[in-house]
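Residues per chain, in single letters:
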Amino acid sequence: MDASPFFQLPYWDALTGEERTLVEDNLRTLRFPKGALVLAGGDCLGLLLVTRGCLRAYLLSEEGREVTIFRVGPGECCVLSATCVMSQIHFETHMEAEEDTELLLLSSGVFRRLTEENVSIRCFLYEMAAERFSEVLWIMQQILFMGFDRRLALFLLEASRREGPRLRMTHEQMARDLGSAREVVTRMLRRFSQEGLVELGRGSVIVKDPEGLRRLAGE
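Attention in this report is confined to the structure presented alongside it. (Residues numbered from 1 in each chain as written. Predicted model: local features only at pLDDT ≥ 70, side-chain atom pairs only at ≥ 80, totals over all residues. Heavy atoms only, no water.)

Describing the nonpolar core
Across soluble globular proteins, nonpolar side chains have a tendency to be buried as a group.
Then, number 1: One finds Leu47, Leu55, Phe70, Met95, Leu103, Leu106 and Phe111 to be the most contacted residues of the largest nonpolar core, which totals 43 residues.
Then, number 2: Element by element, the count of residues in this core is highest for helix 3 (residues 119-145), at 6 residues. (Core = buried A, V, L, I, M, F, W, Y, C linked by side-chain atoms within 4.5 Å. Buried < 20%, exposed > 50% of the residue type's maximum accessible area, 1.4 Å probe, protein only. Helix = DSSP H or I, 4+ residues; strand = E, 2+ residues; numbered from the N terminus.)

Shown next, in the form of structure tokens:
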């Protein structure tokens, strides 16, 4: 199996020859079509490394409402899919393939062994977890303390940085990402359109005035 993406990980040089062999021998390649559930809350798969596509991580309420907390793109790792390795942390994250996605999986058992035997892996694990939790806290801050107009402006700016000014997504998809109702998103987008910040199309939104959105978002 081609394990070359793992050579780029911060801890790779700190592994012993035996540990590198262990990683290479236990990597699995997984492929998921767009929309497939990759991780259900409470599952513990192991360390994930996306090689193609994108994963969307989200929280799911008892009522079925979703809030996107972060995305994992090509070349990026996710350790919250291995929370059973972190005895002090229990975090029920769901993940879906936002597009056709390929990833490498290092099982939780092997990853646990590496963290127990190599302090560099342990440091990597908690640094990555802290980085993800920082993203989660930022989302929670937005939900708790920001008006929806500012939250939507931030969302549109971030999405346009990833995809360009034309965002091919429905109001329902935006509502899912933001943990809101479709009607609320539609109403705010219409306001943005009237103010010349965006242009609304069928199944898409075009960012027309990023500077105006930045002012609204307080960036």
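Moving on, there is more to tell.
With respect to the packing of helix 5 (residues 171-178) against helix 6 (residues 182-194)
Then, number 1: It is the contact of helix 5 with helix 6, at a shortest axis distance of 8 Å, that shows an interaxial angle of 110°. Between helix 5 and helix 6, the interaxial angle falls into the category roughly perpendicular. The element helix 5 and its partner helix 6 pack so that their crossing is right-handed. On helix 6, the residues touching His171, Glu172, Met174 and Ala175 of helix 5 are Arg182, Val185, Thr186 and Leu189.
Then, number 2: The residue inventory of the contact of helix 5 with helix 6, partitioned by class, reads 4 nonpolar, 2 polar and 2 charged. (Axes fitted to C-alpha atoms, helices over the stretch in contact; angles between N-to-C directions. Parallel < 35°, antiparallel > 145°, perpendicular 65-115°, else oblique. Left-handed = near helix turned anticlockwise from the far one by under 90°. Contact = heavy atoms within 4.5 Å. Nonpolar A, V, L, I, M, F, W, Y, C, P; charged D, E, K, R; others polar.)

Quick notes on the pairing of strand 3 (residues 46-52)
Then, number 1: For strand 3, the tally of buried residues reaches 5 of 7 residues, placing the bulk of the element in the interior.
Then, number 2: When strand 3 meets strand 8 (residues 101-107), the two strands line up antiparallel, connected through 6 bridges. Its bridge partner being in strand 8, Val50 is matched across the sheet by Leu103. (Pairing = 2+ DSSP bridges.)

Looking at the layout of surface pockets
Using a probe with the size of a water molecule, rolled over the atoms, empty space left in the structure can be pinpointed.
Then, number 1: As a volume, the largest pocket reaches approximately 420 Å³.
Then, number 2: Those elements that provide at least two residues to the lining of the largest pocket are strand 5 (66-72), helix 3, helix 4 (148-163) and helix 5.
Then, number 3: Ranked by residues supplied to the lining of the largest pocket, first place goes to helix 4 with 6 residues.
Then, number 4: A per-class count over the lining of the largest pocket returns 9 nonpolar, 2 polar and 8 charged.
Then, number 5: Lining the second largest pocket are 16 residues, with Glu98, Glu163, Arg168, Met169 and Gln173 sitting closest to its centre. (1 Å grid on protein atoms, 1.4 Å probe; cavity = no way out; pocket = protein on both sides within 12 Å on 5 of 7 lines; lining within 4 Å. Points joined across faces, edges and corners; volume = space filled by probe spheres on them.)

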